[in-house]
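The lines below spell out each chain.
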Amino acid sequence: MDFQKLLLQAEKGLKEEDVQALAFLCRELLSYHSASVNSAKELFTELQLQGYLSAEKPHLLTELLLLIQQRSLIRDLNFQPSLTTNLISPFRKMLYNLSVDIDAQDLRSMKFLLYRSLPRMNLDKMSTLEVFLEMEKMDKLSANNLTELENLIKTVCPVLQETIKKYKESQVNYRCPVPEVAGPPRDQRWPVEQNQSSMNSNNTSIDHAGEEHGEGNYEDLPCRLRALTTQGSSCCQSKCSEVQPTSDTTSVKTDPQASLNTSDEGDIETYSMDAEKRGFCLIINNYDFKLTKFLRQREGTNIDESCLEKVFQWLGFEVLIEHDCSADRMLSLIQGLSTMDHSKMDCLVCCVLSHGLEKAVYGVDGSTVTLEELKQPLNASRCRSLAGKPKLFFIQACQGTKEQTPVCVQNDGPIKGSLMHDARKMKQSIPSDADFLLALASVPLYVSFRDKERGTWFIQSLCQNLIKMVPRKCDLMSILTKVNADVSQKTDHTGTKKQMPQPAFSLRKKVIFPVPQRDPPKLPNV
């Protein structure tokens, strides 16, 4: 039967409450609020557009129908119940299971308890799932914030506490599920902007933390992330160019805990970089902070975005760019990365361009995400397909509000003139898990600078030195040391503003990117 006719048959077998449940379960996969889904047809169309549902990949629909106990419909559609995708988040499943067991009296009691904290308009008419959505909207419920939900359930229906307890236990021992369904074509692309130029002009500014606020909502796990599929300056000293991956390094893919293979005691092994695909590169570019009262727009960040995209595409990464993310949106993007299959990839890159403070970065809503929260979903226990592989974070944001004098270095945040810094307050964060790199734009407590027309000192130096030094087979730490040296020499037109980047890492081996076969991208002269 034609797949569209099959979907039409499925729609006819679903009640209004079934459609609401399916939309709720798919909330992280949709590009818009699930509350705006009015019919199964609309839901199916959106899932098809996002690459989750097709004649070749009907497994998500099977999973959804199983979750809402529509086994007879699965049989009528000739679907195989054993073939599902595991794309629906455990958090969403847990909330749905709660809603099934909450009866009308329990729901009335919940609404009574929430009467003062949720908007009263239409509260009486809301279903249990709609109440959960409203709690999420009001930032009273998320995958990482179950306190109010637990208090409600404990009061209204204590027997259901076990459902929440099992969910929390499953997340502690969570292992990255591998989606069984491929995504949309590789040529899918997202808009980017253009490059940067020199850094010592008087057009520099600092993206300071102290100017605007709003609120975030932990909602749609970005469907585009799940849908992605991939394909596969002084120079460093001569010994750097002699370092090459050996056959021994491939052991990291099968045995992440394997000790270093050393022919000589002083040798350092190299991470394997011979997979079919290099990996994903997520760029989070936060520019528009107008929702807040204490954070300025990050002029010039588009230049950094464009340079990063060009350089990491040149290095063989599949680049995804997300603009103006709230704190919860950033978390959902990282969670999206953690649920993807990285088994045929070498590593992962995440670039965050935003305002920052000690140990954290800002979302455009004025809420913060700690560096530890960015790392946690990607560690070896949460994402097995990245175990033993390098996870590389490049953070362009202030670590504080202090400005370094010429004996030190500068930051990316707000100040007079054209120099800007992305700041609030930030300490050095040494990764606790293996195989992480956090390349920070500034040392703890200090700001980092951004030229409004040429981009940030740190990102521009990083891009330029990757282009210069990767062809020489230099390892990433040597490249970052050169970035440190270059940025430390920069200053504004007054000669008073300086900046010192700082990498923090738990890498066990050298990161040496294979030399690309194509010519490097053209970047501005800095």
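Provided above is the structure to which this section pertains.
Just so it is clear, the model here is predicted, and its values are computed rather than measured. Position labels on residues start from 1 in each chain and follow its written sequence. At least 70 in pLDDT is required for a residue's local features to be given in this predicted model, at least 80 for side-chain atom pairs to be given and counted, and no such filter applies to totals for whole chains, interfaces and linings, which use all residues. Values shown for side chains rest on all heavy atoms present in the structure; no hydrogens or waters enter the calculation.

(A) Layout of the packing of aromatic side chains. Between the rings of Phe, Tyr and Trp (Trp by its six-membered ring), a pair exists once the centres lie within 6.5 Å; its type follows the angle of the planes, with under 30 degrees stacked, over 60 edge-to-face, and the other angles tilted. For the coordinates displayed, the defined rule picks out 6 aromatic pairs. Ring plane angle 50° and centroid distance 6.3 Å describe the contact between Phe91 and Tyr167, whose orientation is recorded as tilted. Within this pair, whereas Phe91 is found in helix α6 (residues 90-101), its partner Tyr167 is found in helix α10 (residues 161-172), the two being separated by 76 residues in sequence. Side by side, Phe91 and Tyr167 carry an identical accessibility label, which is buried. Both rings, one in Phe317 and one in Phe513, keep their centres 5.8 Å apart while their planes meet at 85°; by these two values the pair is edge-to-face. Residue Phe317 is located in strand β3 (residues 317-323), and its partner Phe513 is located in the segment after β14 (502-505); the two are separated by 196 residues in the primary sequence. On the basis of relative accessibility, which here comes to 4%, the residue Phe513 falls in the buried class. A run of H or I in DSSP becomes a helix once it reaches four residues, and a run of E becomes a strand once it reaches two; helices and strands are each numbered from the N terminus. Between buried and exposed lies partly exposed: a residue is buried under 20% and exposed over 50% of the maximum accessible area for its type, with that area taken using a 1.4 Å probe on protein chains only.

(B) Main features of the packing of helix α14 (residues 301-314) against helix α17 (residues 457-469). An axis is simply a line fitted to the C-alpha atoms; with a helix, the fit covers only the stretch in contact. Between two such axes, the angle follows the N-to-C directions and lies from 0 to 180 degrees. Direction vectors running N to C along α14 and α17 enclose 20°, while the axes themselves pass 10 Å from each other. The angle between the axes of α14 and α17 places the two elements in the roughly parallel class. Handedness of the crossing formed by α14 with α17: left-handed. For the pair α14 and α17, contact is made by Ile303, Asp304, Cys307, Leu308, Val311, Phe312 and Trp314 and by Ile459, Gln460, Leu462, Cys463, Leu466 and Ile467, respectively. For this classification, under 35 degrees means roughly parallel, over 145 means roughly antiparallel, 65 to 115 means roughly perpendicular, and everything else is oblique. Handedness of a crossing follows from how the near helix is turned relative to the far one, being left-handed for an anticlockwise turn of less than a right angle and right-handed for a clockwise one. We call two residues in contact when some of their heavy atoms are within 4.5 Å.

(C) Representation of the nonpolar core within the structure. Buried Ala, Val, Leu, Ile, Met, Phe, Trp, Tyr and Cys residues form a nonpolar core when they are joined through side-chain atoms within 4.5 Å. With 61 residues, the main nonpolar core has Leu14, Leu47, Met94, Leu95, Phe132 and Leu149 as its most contacted residues. It is helix α2 (residues 16-25) that contributes the most residues to this core, 6 residues altogether. Filtering out sequence-adjacent residues up to four positions away, Leu14 remains in contact with Val19, Leu22, Ala40, Phe44, Leu65, Ile68, Gln70 and Leu73. Residues Cys463, Ile467, Leu476 and Ile479 belong to the second largest nonpolar core, which totals 42 residues.

(D) The sheet that holds strand β5 (residues 356-357), seen in detail. Pairing between strands is defined by DSSP: at least two bridges between them are needed. One open sheet accounts for 3 strands, arranged β5-β6-β7; its pairing is antiparallel. The open sheet has two edge strands with one neighbour each: β5 and β7 (368-370). Here strand β6 (residues 360-362) pairs with β7 via 3 bridges, running antiparallel. When the sheet's bridge partners are listed, Val361 is paired in β7 with Val369. Sitting on the sheet, helix α15 (residues 327-338) touches β6 and β7, and the angle it makes with β7 is about 35°.

(E) Examining the sheet that holds strand β4 (residues 345-353) more closely. Strand order across the open sheet formed by 6 strands is β3-β2-β4-β8-β11-β14, with mixed pairing between neighbours. Every interior strand has two partners, whereas the edge strands, β3 and β14, have only one. On average, each strand axis in the sheet is inclined to that of its neighbour by 15°, with strand direction left out of account. Relative to β4, strand β2 (residues 277-285) runs parallel, the two sharing 8 bridges. In the sheet register, Phe280 faces β4, and the bridge partner there is Leu348. Relative to the sheet, α14 contacts β2, β3, β4 and β8 (391-396), its axis offset from that of β3 by approximately 160°. With respect to the sheet, helix α18 (residues 476-488) is in contact with β8, β11 (436-440) and β14, its orientation differing from that of β14 by roughly 155°.

(F) Just the pattern of salt bridges, in detail. In what follows, salt bridge is the name for a side-chain nitrogen of Lys or Arg lying within 4 Å of a carboxyl oxygen of Asp or Glu. On inspection of all chains with the given rule, the structure shows 11 salt bridges. The shortest N-O distance in the salt bridge between Glu150 and Lys168 comes to 3.0 Å. You can see Glu150 sitting in helix α9 (residues 147-156) and its partner Lys168 sitting in helix α10, a full 18 residues away along the chain. Judged by relative accessible area, Glu150 falls into the partly exposed class, the value being 25%. Since its relative accessible area comes to 37%, Lys168 is described here as partly exposed. Arg329 serves as the salt-bridge partner of Glu322, at 3.6 Å between the closest nitrogen and oxygen.

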